[in-house]
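Chain and residue survey
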Amino acid sequence: MMEHTEDLLNVKGLKKYFPIESGVFGRGLGKVYAVDGVSFSIHKGETLGLVGESGCGKTTVGRCVLALERATSGEVYFRGENVLKLKGAAMKKMRSKMQIVFQDPYASLNPRWSVRNIIAEPLRVTGRESKSNVESAVLVLLKRVGLSEDHLNRFPHEFSGGQRQRIGIARALSVDPELIILDEPTSSLDVSVQAQILNLLKQIQREYKLTYLFISHNLSVIKHMSTRIAVMYLGKIVEISNADELFRKSLHPYTKILLESIPVPQPKTKRKKERIKGDVPSAAHPPSGCRFHPRCPIAVEKCKQIEPDLIEYSPGHYAACHLAGKW
Amino acid sequence: MSEPLLVIRGLKVNFYTYAGVVKALDGINLEVRQGETLGLVGETGCGKSVTALAIMRLVPDPPGRIDEGEILLRGKDLLKLPENEMRDVRGNNITMVFQDPTTFLNPVMTVGAQVAETLLIHRDLRKDLLEERVAKLSEKLEKAESTDKEAGALKKQIEELKNLDPAKFHASRRDLKQVAVRRSVELLRTVRLPEPETVVKQYPHELSGGMRQRVIIAMAIACHPELLIADEPTTALDVTIQAQILDLLNDLKQTVGLSAMFITHDLGVVAETCDRVAVMYAGNIVEVATTDRLFEKPLHPYTEAMLRAIPKITERRIELESIHGSVPNLIEPPAGCRFHPRCPFVMDVCKKIKPELVEIESGHMVACFLHTEKMCK
């Protein structure tokens, strides 16, 4: 895969602040720094895993990349074109190149629409298929994700969580995208169904030559799916690396502790465990300097004052820590 | 082998709905031994939570009903107890920690008041109050001059209080409440909440998810229960917080001497916390074994498949093995073994007869004809 390091998506200094408002006139009380200067790129054909705890901004990154959320500042280049500057028809065209599968398959499908309608809508809106072909195109997609013709006229409530997620995947595939953002696609599913969906996602990635941005809080799932992994903490990326290397040789203390916190389904492997003290601080009042310093077991004075930059320590392995690897 | 604390025999729970009778538990047998942690694993809708609710006798009725079976706590059948005695059992003998810490705390009561309430209801705090008064007087005595007249009076007072029978001691409700709050602070400290003195005065919305779960655990251990049932205690939490809570529960098990039942769908959590595991599928227990044994040599095809279906961080595979199909509808469950439509080794007998849970090796039980047939031969 190394010869194909063409960047499909390039995100530069992405910021998203949500205002905290109160009262009738929406008096500004401050801001939630949900995403605060995030930069990364996704190579064509790879899966970039974005992992972090709840509230770290991983979903917001996904939504900003698709311009579903207006970013406060920053640039998102898709094949060299700034997505955030696009309008009207150009935006519509771009949207068909980038699709998303949402976390909650119960909330992301219109309960009053039949499966046929749900999958056909993107085809109609983008005008990809002539009216007569829509029907057969829908059927092909439906079969591809493991559903059958009988399901066409049914409604979302008649399906299980796994089947609904399949419908969501078919809908995303319908417009022939190049990039699909998978926002926790399996977190509401049981393990046996989760395995089915993960396998399906891998198969269609090979078949349709897709690039994925895989957002999840589940490290085992992220590792299984990703080529590279970016770890987020409180609106910042703290480490990006090749998936295997991240698990073997993490540089940032947060990554290290995060990895050690996962319960492993192997009772015999008793590992040395480091735990983080306390909770994630509020994104409305992020700590000064390195945002992880109040919980970091190796923090020094410098960490409280100076914010570390994301630096490349070995080829393709970036970390934002003053003491990277010295632990 | 230690003595069983809780024995469940042939427990059947049905839910009578308009769509039909949901056979949620189909005659399960289970045992929790003294001092152990038993894990109950399975997918959504397999009956894990219903089992827990049945033990507490909290199955919502209607539509649910416990139709058959017995639940013996140290030989006493909980299903035959009158409601007022059962209320004493809940909280005193068996307590429960729920999945979502937000919905199980009262949003308009301070944390201190909620923990104190548990204590006021279930524990006689008069003894605590007496002890506290004696301690206070002794402290005063130490400060006073020994020759003092005051000292003599203090000594007399202490003697009086010490000889007082707590059962006959008339304490005001206000005093008892204050003791309860002070005890709550101690409890919150046991569950390692930072600054418990402040937390008792706060409301649940001011706390994070992890802190709320700690408060619930504090309430659960307040009366030194014999059995703690934790229903997905960490599912709503992040991994780093989950690790903290699991550590806490493991430590408490030792210091407080709890037996516990851990309900979860996360096999990782099971591996790190449980001594024995019971695997459930569609309202039946299909396999019971020690944790080490279950992960090493699972016998039931469902357990095996489930173990292979989880992605692991220690290995890399292209494809995960998945179980085809989905969990059956419990209104019309498959005949015979409820797993047979999804089982790769299905035989004719599986479609007709329900396999019983049989002990294959010491402590390893499985409900599958693949193994019981072999034994017969």
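Residues numbered from 1 in each chain as written. Chains lettered and ligands numbered in written order. Predicted model: local features only at pLDDT ≥ 70, side-chain atom pairs only at ≥ 80, totals over all residues.

**Focus: the overall build of chain A**
Quick note on the threshold: Secondary structure counts use DSSP, requiring at least four H or I residues in a row for a helix and at least two E residues in a row for a strand, with both numbered from the N terminus. Radius of gyration here is computed from C-alpha atoms only, and the compact-globule reference equals 2.2 Å multiplied by the residue count raised to the power 0.38. Each residue is classified by how many other C-beta atoms fall within 10 Å of its C-beta atom, where C-beta atoms are placed from the backbone; a count of 20 or more means buried, 12 or fewer means exposed, and values in between mean partly exposed.
What chain A contains, in helices and strands, is 10 helices and 12 strands. Computed over its C-alpha atoms, the radius of gyration of chain A comes to 21 Å, within 12% of the 20 Å expected for a compact globule of 327 residues. Across its three principal directions, the C-alpha atoms of chain A cover 70 × 60 × 45 Å. Buried positions account for 44% of the 327 residues belonging to chain A.

**A closer look at the interface of chain A and chain B**
Quick reminder of the rule: Once C-beta atoms are placed from the backbone, any two residues with those atoms within 7 Å are in contact. Charged means Asp, Glu, Lys or Arg here, nonpolar means Ala, Val, Leu, Ile, Met, Phe, Trp, Tyr, Cys or Pro, and polar covers whatever is left, Gly included.
Listed by partner, the interface residues are 32 residues for chain A and 37 residues for chain B. Those elements giving two or more residues to the side of chain A that touches chain B turn out to be helix 6 (191-208), helix 7 (219-225) and helix 9 (253-261) of chain A. Considering each element in turn, the side of chain A that touches chain B owes the most residues, seven residues, to helix 6 of chain A. Broken down by class, the residue content of the side of chain A that touches chain B amounts to 15 nonpolar, 11 polar and six charged.

**A few points about the pairing of strand 4 (residues 64-73) of chain B**
Residue and element names in this part refer to chain B. Here is the rule: DSSP calls a pair of strands paired once it identifies at least 2 bridges connecting them.
Across eight bridges, the pairing between strand 1 (residues 4-17) and strand 4 is antiparallel. Considered in strand 4, the bridge of Phe-15 is made with Gly-64. In this structure, strand 4 lies alongside strand 5 (residues 76-77), joined through two bridges in antiparallel fashion. For Leu-73, the partnering residue across the bridge sits in strand 5 and is Lys-76. Here strand 4 folds back onto strand 5, and the loop between the two strands holds two residues, one of which, Arg-74, carries a positive phi near 50 degrees.

**Digging into the sheet that holds strand 5 of chain B**
All names here are of chain B. Selection criterion: For helices, the fitted axis covers only the stretch in contact; all axes are lines through C-alpha atoms, and the angles between them, taken along N-to-C directions, range from 0 to 180 degrees.
As summarised here, the arrangement of the four strands in space is 2-1-4-5, forming an open sheet in which the pairing is antiparallel. Here the strands that pair on one side only, and so sit at the sheet edges, are strand 2 (20-33) and strand 5. Its contacts with the sheet put helix 1 (residues 48-56) on strand 1, strand 2 and strand 4, and the angle it makes with strand 2 is roughly 70 degrees.

**With respect to the packing of helix 8 (residues 209-221) of chain B against helix 9 (residues 239-257) of chain B**
Residues and elements named next belong to chain B. What counts, and what does not: Should an angle fall under 35 degrees it is called roughly parallel, over 145 degrees roughly antiparallel, and 65 to 115 degrees roughly perpendicular, with every other angle called oblique. What makes a crossing left-handed is the near helix being turned counterclockwise from the far one by less than a right angle; a clockwise turn instead makes it right-handed.
One can describe the packing of helix 8 onto helix 9 by two numbers: an axis separation of 10 Å at closest approach and a directional angle of 15 degrees. Viewed along their axes, helix 8 and helix 9 adopt a mutual orientation that is roughly parallel. Between helix 8 and helix 9 lies a crossing of right-handed hand. Contact residues: helix 8 offers Gly-209, Gly-210, Gln-213, Ile-217 and Ile-221, while helix 9 offers Ile-241, Gln-244, Ile-245, Leu-248, Leu-252 and Val-256. Here the contact of helix 8 with helix 9 is composed, by residue class, of seven nonpolar, four polar and no charged.

**Regarding the sheet that holds strand 1 (residues 7-22) of chain A**
Residues and elements named next belong to chain A. Sheet architecture is open: four strands sit in the order 2-1-4-5, paired in antiparallel fashion. Edge strands, defined here as strands with exactly one partner in the open sheet, are strand 2 (27-43) and strand 5 (81-82). One ladder, built from two bridges, connects strand 4 (residues 73-78) with strand 5; its direction is antiparallel. The residue of strand 5 that forms the bridge with Phe-78 is Glu-81.

**Describing the nonpolar core**
To be explicit about the condition: By convention in this section, buried Ala, Val, Leu, Ile, Met, Phe, Trp, Tyr and Cys residues joined through C-beta atoms within 7 Å make up a nonpolar core.
Leu-213 and Val-231 of chain A together with Ala-218 and Val-286 of chain B are the most contacted members of the largest nonpolar core, which totals 193 residues. Other than its neighbours up to four places away in sequence, Val-286 of chain B contacts Val-279, Met-280, Tyr-281, His-300, Tyr-302, Thr-303, Phe-339, Val-366, Ala-367 and Cys-368 of chain B.

**Observations concerning the environment of Phe-159 of chain A**
Residue and element names in this part refer to chain A. Its location among the elements puts Phe-159 in the loop between helix 4 (131-144) and helix 5 (161-173). Sequence-wise, Phe-159 and Tyr-106 are 53 residues apart; in three dimensions their C-alpha atoms are separated by 9.6 Å. Contacts of Phe-159, omitting those with residues within four sequence positions, involve Arg-164 and Ile-167.

**As for helix 9 of chain A**
All of the buried residues along helix 9 of chain A are Pro-253, Tyr-254, Thr-255, Ile-257, Leu-258 and Ser-261 of chain A. Considering only its buried residues, helix 9 of chain A is in contact with helix 7, strand 9 (228-233), strand 10 (236-242) and helix 8 (243-248) of chain A together with helix 9 of chain B.

**Brief notes about the packing of helix 3 (residues 111-122) of chain B against helix 8 of chain B**
All names here are of chain B. Where helix 3 contacts helix 8, the two axes come as close as 8 Å, and the packing angle between them is 20 degrees. By the angle class used here, helix 3 and helix 8 are roughly parallel. Here the hand of the crossing between helix 3 and helix 8 comes out right-handed. Together, Val-111, Gln-114, Val-115 and Thr-118 of helix 3 and Val-215, Ala-218 and Met-219 of helix 8 make up the contact between the two elements. For the contact of helix 3 with helix 8, a count of residues per class yields five nonpolar, two polar and no charged.

**Section: the pairing of strand 3 (residues 37-41) of chain B**
Residues and elements named next belong to chain B. By the criterion of burial, strand 3 is predominantly enclosed, with five of the five residues buried. Neither face of strand 3 is open: one carries Thr-37, Gly-39 and Val-41, the other Leu-38 and Leu-40, and all of them are buried. Judged from the five bridges that link them, strand 3 and strand 8 (residues 259-264) form a sheet pairing that is parallel. Residue pairing for strand 8: Thr-37 is matched across the bridge by Ala-260. Sheet topology places strand 3 next to strand 9 (residues 276-281); four bridges connect them, and they run parallel. Paired with Leu-40 across the two strands is Ala-278, which belongs to strand 9.

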